[in-house]
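# Per-entry structural report
Below are the chains, spelled out letter by letter.
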Amino acid sequence: MKKSKILVIEDESLMNRTMEFQLKKDGHEVDTAFEGKTGVSKIEANQYDLIILDIMLPYLNGLEILAKIKQNPAKKNIPVIIVSATGLEDTVLEGFKLGANDFITKPFILSEFSIRIRRLLLSN
Amino acid sequence: MEKLYFFLSGFLTDFYENRFQAYPQIVKIAYAGIFISFTVTSLCYLLVYFRRVNQAYIGSKTDKWKAEIENILTGSVIQFNSEDYQQEDITEIAENLRKLPMHKYIVRQIVVNELMFLHKNFSGKVNILISSVYLLIGLDKHSRRKLKSWRWYIKAEAIEELSEFGIHEIAPHFLKYVNSKNITLSMQAQSGYLQASKTDPFIFLDYANQNLILWHQINLMEILNRKKDIEIPAFSKWFTSKNNSVVIFCIRLMVKFNQTDCVKDLIKLAHHENEEVRKEMIAAFGDMSLVDYELHLTIHFRNETLPCKIEIIKTIGKIASNDELNFLKNLLLDPEFQIRFEAAKAIRKHGEKGEMILFDLLENLSVENRDVVLHVLDSKLSA
Amino acid sequence: MENLINSVILHYNHFIFIFAASIMLWYLVISLISIREIMLYKRKNSFIDFKKLLNSPYTPPISIIAPAFNEGKTIISNVHSLLSLQYPVFEVIIVNDGSSDSTLLKLIKEFKLQLVDFAYHTHIKTGPIRGIYKSANPAYGKLIVLDKENRKNKADALNTGINIASHPYYVCCDVDCIIDNKALLKLIKPIIDEEKQVIASGAVIRIANGCEVDQGFLVNVKAPKNFLTRIQEVEYLRSFLLGRMAWSRINGLIIVSGGIGIFEKKIAVAVGGYDTNSFGEDMEMTVRMRKHMNNLGIKYMVKYIPESLCWTEVPPNLSIFIKQRVRWTKGLVQTLLDHKKMWFNSKYGRMGCLSFPYWILYEWLAPIIEFFGILTYIYLIANSLIDFEFSIVLLVFVFSYAVMITTISIIWEEYTNQVYKTKKEIFQLMLTIFLEPFFYHPIIILAALKGNLDLLFNRQHKWGDMGRMEIDAELPAQAQTVKSNPKTNLGAQKMSPAA
């Protein structure tokens, strides 16, 4: 399997780094963004195989970014995983409606996280 | 330089002895005032300057420590999350962290904060690993010392730390703050107790004699979402509480954990003297989709206050059993706008059948009663 | 005759002396009270994770009401920025107040708006509306645009917005303000974490002149360059961080600025909405809401938070500035006179016995007293009835005291928001303080006098036909992006140099 390129958009630095470490350990190439705007510009500039998205972000929230990705014909096939602490039914549903491929609720188990990502990458 | 000094001191003595003492009282005060204002203003300038310099210094230091701590923690967390770890591995992480200047309060606090963050966000093995590290470095002592502080915000922080890492034996100490006049401290104590107590996590509800304000409720709910191992009692136990906010909170919890056994106690609240409690009760019927009680609500409807009436209509819409459509149809002629509006919305919630009824009604209703029907039929407004 | 005049003047002199001393004492007291309130807020806030609010189904939903009049240039980016605020459930109601430019057309095009069959119910009596629009695109589901006839009246526009608002709380703001991304979360916080019912709350308003703005988002906060705007920044800081915070602590606030404020809709409707005849509808509304609660005998609070959540453009030149201040004075005096029954009335608690006397004496009458004080001073000098040295000493004292108080308010800003990143900016701001009593304060006094005179003589003529629009209408010629907002009816805290 070729190295997959993954973008992590998450504002909490520790969370961001932990996910980055985990993904690198799993053999992926990882890019990070700490807020919505940089995230969007990175998505536009690069070709990613998967995007990991937090919902609560400064400037642009995760759902808006998701909507932007799905509106862009060139990017809309990139799988997106939302990682969020939200337990709100509506938010989760809205996420799926907008086209998210998976939803992981914090707190989560890291090994489960990496398995889910691997599976998503394989199925695409 | 010396000359200047002599001149100045001479001038000042002369000024003070020959002129100042002869001034009227008010001018003396003014002179003093000028002196004080001038001093305070200059102090302000110095304060801003040194604060900024200091901030930059502390900021760069904390950034450095934080980066180091994050390096140690993320590395080990990733390493041990899939493989089994031994006691030695925990000791190794602890050793690495001990290399930092842990005698400093601020460093210890950063470590605690980072550990808390990981503890909150990851479950499974990592979670246990983090608590062990916390205990092994002896950071619980740091938190316990904070608990003794006379400043409420330090105390509140300590409660959060100790409860997050599950130090059970300290939980009873939190109870004395549950009714603290300081609402933030009382909130921390409540959520701390909920997390830390092994035996009876909800016992604080017995003690709470203050209003359980919304923010506290949101906080407690969040903990219940996150910590799946908290033992859940039957919440109907508190339906008789004299504290209305506790009753409301327990109704919400009952709904959250779908405790159908409590419903028979819930019904008893129909005659509660507090409107908010009754409203919450009515909403609970809808949230739990208790079809059997729909009729019960419509019977109560006439004697209820307006906010409760509206809640009843909403609830019927939520249950949408088709049994009370006639009841709702009649409400469309009610003189009160809000009732008409909610009734139309509730009919709309009955799916296709509701829609049919609304289209039929359009032809029969008078113009002024038609607006609500048109409103709910507009797909853009209901979206 | 001359004896009589001299004795009057002497007595006036004594009066002014006591008056000035009381103001100075008052400022000392409020700076101490306000820092307590600010510290308490900061400490409380460190325990608040706003993400929990975002995730909870119990966070109360909010309606944002933003009236727009001829905002075609910026409307699209501003609405986008309002729609992207962080909050779990909210709606954005744009009230197009019969704009004569392309405001509505632009909105319709950008957001694919369509007319809807909204069941408009007049909870509050308002002027006629022309139509209510919603977007066909579900991504903009939060947006409602209401088109109404122009009444040259902000109060009427807000009332129409309240009528279609569907949530229990509403935030009123001006569409041209830049609102902080977390503003709603921070505004709702005092409402859900106080023992007593909080009926309204507001936040610090800052000055956007000079800041870098991109697409309705604040990119970089910078201190205003222009002298007039910079001095206004100082004044706003003092007024909000000293005045409002202290009053919030005492629970005696009778104004929540129209720039940004959250209100309980139920009460706003119960009191009949904003007064369309008022020059200062925001203050008038707060007073009436408080009065209502007092009459019902329910314990309540009006809070302010020391956080900068709203950036607004202020008048960059003198003529617009004076117009704005004249209007503020009119609004203030009008509100005070409309509620004469509450003056010194113990039934209205702190509001009647503390807030009203304060506003009457130190906000309304102070400029007038000060003006006559200066006249007396000139008379005394002309007749050499005064010890020159002593009077200079007293003046210097008052000056240094005023500088001290204002400097303290900047320190409070250092401890709360610290929006300026560089030391240079903050020191520039602090130096401006020294010039304020000479160049800025006299203008304020004159504007306040003009406001009083206008009200005295033009009462009948101008009644009912005024509004923020009259100022806005002149703007394009003066400055393109700048709008003056008669929203912060703060009636500038005055230091009286008359001694």
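Just so you know, the residues in each chain are numbered from 1, in the order the chain's sequence is written. Written order determines the labels here, with chains lettered from A and ligands numbered from 1. In keeping with the predicted nature of the model, local features appear solely for residues at pLDDT of at least 70, side-chain atom pairs appear and are counted solely at 80 or more, and the whole-chain, interface and lining totals rest on all residues.

## Some thoughts on the overall build of chain B
- If you tally the helices and strands in chain B, you get 21 helices and 0 strands.
- A radius of gyration in this sense is built from C-alpha atoms; the matching globule rule multiplies 2.2 Å by the number of residues raised to 0.38. A compact globule built from 383 residues should have a C-alpha radius of gyration of about 21 Å, whereas chain B, at 33 Å, is more than 25% larger.
- The dimensions of chain B, computed from C-alpha atoms along their principal axes, are 105 × 75 × 40 Å.
- Counts of 20 or more other C-beta atoms within 10 Å of a residue's own C-beta define buried residues, counts of 12 or fewer define exposed ones, and intermediate counts define partly exposed ones; C-beta atoms are placed from the backbone. The 383 residues of chain B split such that 35% are buried.
- Remark: residues whose backbone-derived C-beta atoms lie within 7 Å of one another are considered to be in contact. Partitioning the intrachain contacts of chain B with sequence separation of at least 6 by distance along the chain shows that 64% fall at a separation of at least 24. Only runs of H or I of at least four residues qualify as helices and only runs of E of at least two qualify as strands under DSSP, and these elements are numbered from the N terminus.

## Details of the overall build of chain C
- Each helix and strand in chain C was counted, giving 16 helices and 12 strands.
- For a compact globule of 499 residues, the expected C-alpha radius of gyration is about 23 Å, and chain C comes in at 23 Å, within 12% of that figure.
- With the C-alpha coordinates aligned to their principal axes, the bounding extent of chain C is approximately 80 × 50 × 50 Å.
- For chain C, restricting intrachain contacts to residue pairs at least 6 apart in sequence, the fraction spanning at least 24 positions comes to 81%.

## Thoughts on the sheet that holds strand S11 (residues 260-264) of chain C
All names here are of chain C.
- Sheet architecture is open: 10 strands sit in the order S3-S4-S5-S2-S1-S6-S11-S8-S12-S7, paired in mixed fashion. Lying at the two open borders of the sheet, with one neighbouring strand each, are strand S3 (113-115) and strand S7 (178-179).
- At least two bridges found by DSSP between two strands are what make those strands a pair. Two strands pair when backbone bridges link them, and S7 and strand S12 (residues 300-312) are joined in this way by 2 bridges, in the antiparallel orientation. What sits directly across from Ile178, in S12, is Trp311.
- Contacts from helix H7 (residues 227-250) reach strand S8 (197-207) and S12, with the element oriented near 160° to S8. Axes, fitted as lines to C-alpha atoms, cover a helix only where it is in contact. Angles between the N-to-C directions of the axes lie from 0 to 180 degrees.

## A word on the pairing of strand S10 (residues 217-220) of chain C
Residue and element names in this part refer to chain C.
- Across 3 bridges, strand S9 (residues 212-214) lies against S10 in antiparallel orientation. Across the sheet, Val213 pairs through a bridge with Leu218, a residue of S10.
- Counting the residues in the hairpin turn of S9 and S10 gives 2 residues, including Gln215, whose phi is positive at 55°.

## Looking at the interface of chain A and chain B
- Contacts between chain A and chain B engage 15 residues on the former and 18 residues on the latter.
- Only helix H1 (13-25) and helix H5 (110-123) of chain A provide two or more residues apiece to the side of chain A that touches chain B.
- Per-class residue counts for the side of chain A that touches chain B are 7 nonpolar, 5 polar and 3 charged. Under the scheme applied, nonpolar residues are Ala, Val, Leu, Ile, Met, Phe, Trp, Tyr, Cys and Pro; charged residues are Asp, Glu, Lys and Arg; polar residues are all the others, including Gly.

## Some thoughts on the packing of helix H12 (residues 244-256) of chain B against helix H14 (residues 275-287) of chain B
All names here are of chain B.
- Relative to each other, H12 and H14 sit at 0°, their axes nearing to 9 Å. By the criterion of interaxial angle, the relationship of H12 to H14 is roughly parallel. Packed against H12, whose contacting residues are Asn244, Val247, Ile248, Ile251, Arg252, Met254 and Val255, the element H14 presents Glu276, Val277, Glu280, Met281, Ala284 and Asp287 at the interface.
- Taken together, the residues of the contact of H12 with H14 sort by class into 8 nonpolar, 1 polar and 4 charged. Roughly parallel here means an angle under 35 degrees, roughly antiparallel means over 145, roughly perpendicular means 65 to 115, and every remaining angle is called oblique.

## Here we look at the interface of chain C and chain B
- Chain C puts 39 residues into the contact, and the matching count from chain B is 40 residues.
- Put simply, the parts of the chain that give the side of chain C that touches chain B at least two residues each are helix H1 (2-45), helix H2 (50-55), helix H12 (388-415) and helix H13 (423-457) of chain C.
- With 13 residues, the top contributor of residues to the side of chain C that touches chain B is H12 of chain C.
- Residue classes in the side of chain C that touches chain B are distributed as 21 nonpolar, 9 polar and 9 charged.

## A short note on the sheet that holds strand S2 (residues 29-33) of chain A
All names here are of chain A.
- Taking strand neighbours across the sheet as the criterion, the 5 strands line up as S2-S1-S3-S4-S5 in an open arrangement whose pairing is parallel. The two strands at the open ends of the sheet, each matched to only one other strand, are S2 and strand S5 (102-105). Strand-to-strand twist of the sheet, defined as the mean angle between neighbouring strand axes without regard to direction, takes the value 20°.
- Summarising the sheet, strand S1 (residues 5-9) and strand S3 (residues 50-53) pair through 4 bridges and their orientation is parallel. Across the sheet, Ile6 pairs through a bridge with Leu50, a residue of S3.
- Strands in contact with helix H2 (residues 36-45) are S1, S2 and S3; relative to S2, the strand with the most contacts, it is inclined by about 140°.

## As for the packing of helix H18 (residues 337-348) of chain B against helix H20 (residues 367-377) of chain B
All names here are of chain B.
- Between H18 and H20, whose axes approach to 9 Å, the crossing angle comes to 40°. Taken together, the axes of H18 and H20 are oblique relative to one another. For the pair H18 and H20, the crossing hand works out as right-handed. Contacts between H18 and H20 pair Arg340, Phe341, Ala344, Lys345 and Arg348 from the former with Asn369, Val372, Val373, His375 and Val376 from the latter. Left-handed describes a crossing in which the near helix is turned anticlockwise from the far one by less than a right angle; the clockwise case is right-handed.

## Thoughts on helix H10 (residues 318-338) of chain C
- Given a helix with a known number of residues, its expected span is that number minus one, times 1.5 Å. The end-to-end C-alpha distance of H10 of chain C, which contains 21 residues, comes to 30 Å, matching closely the 30 Å that a straight helix rising 1.5 Å per residue would cover.
- With 15 of its 21 residues buried, H10 of chain C lies for the most part within the structure.

## What to know about H14 of chain B
All names here are of chain B.
- Spanning 13 residues, H14 covers 18 Å between terminal C-alpha atoms, matching the ideal 18 Å at 1.5 Å per step.
- When H14 is considered as a whole, its buried residues turn out to be Arg278, Lys279, Glu280, Met281, Ile282, Ala283, Ala284, Phe285 and Gly286.
- Buried-residue contacts for H14 involve H12, helix H13 (263-267), helix H15 (294-301) and helix H16 (306-319).
- Within two residues after H14, Ser289 carries a phi angle of roughly 50°, on the positive side.

## Some details on the environment of Trp215 of chain B
Residue and element names in this part refer to chain B.
- The residue Trp215 is located in helix H11 (residues 214-226) in this model.
- Residue classification places Trp215 among the buried positions, given that 26 C-beta atoms sit within 10 Å.
- Expressed as a C-alpha distance, the spacing of Trp215 and Thr184, which sit 31 residues apart in the sequence, is 9.7 Å.

## Some remarks on unusual backbone geometry
- The omega torsion across Lys106 of chain A and Pro107 of chain A is -5°, close enough to zero to call that bond cis.
- Residue placement: Pro107 of chain A occurs in the loop between S5 and H5.
- In the Ramachandran plot, Ser289 of chain B falls in the positive-phi region, its phi being about 50° despite a non-glycine side chain.
- For Ser289 of chain B, the position within the fold is in the loop between H14 and H15.
- A positive phi is found at Asn251 of chain C, a non-glycine position, where the angle reads about 60°.
- Mapped onto the secondary structure, Asn251 of chain C falls in the loop between H7 and S11.

## With respect to the pairing of S1 of chain A
Residue and element names in this part refer to chain A.
- Of all 5 residues in S1, 4 are buried, a share of seventy percent or more.
- Here S1 runs beside S2; their pairing, made up of 5 bridges, is parallel. Note on S2: the bridge partner recorded for Val8 is Thr32.
- By convention, orient the strands away from the viewer: a clockwise path from the first strand over the helix to the second makes the crossover right-handed. Between S1 and its parallel partner S2, the chain crosses via H1, and the hand of that crossover is right-handed.

## Topic: the environment of Ser132 of chain B
- On the secondary structure map, Ser132 of chain B appears in helix H5 (residues 125-136).
- Once the C-alpha coordinates of Ser132 of chain B and Ile90 of chain B are considered, the two residues, 42 residues apart in sequence, prove to be 7.2 Å apart.

## Observations concerning the confidence of the model for chain C
Residues and elements named next belong to chain C.
- Looking at chain C, the pLDDT average stands at 85 and 92% of residues meet or exceed 70.
- By definition, pLDDT measures how confident the predictor is in each residue, and it falls between 0 and 100. Segment residues 460-499: pLDDT under 50, and 94 contacts once partners within four positions in sequence are set aside and those in other chains are kept.
- Listed scores for the predicted complex are pTM 0.88 and ipTM 0.87.

## Let's talk about the environment of Lys196 of chain C
- In this fold, Lys196 of chain C is placed in the loop between helix H6 (183-192) and S8.
- On a C-alpha basis, the gap between Lys196 of chain C and Tyr300 of chain C in space is 5.4 Å, while along the polypeptide they are 104 residues apart.

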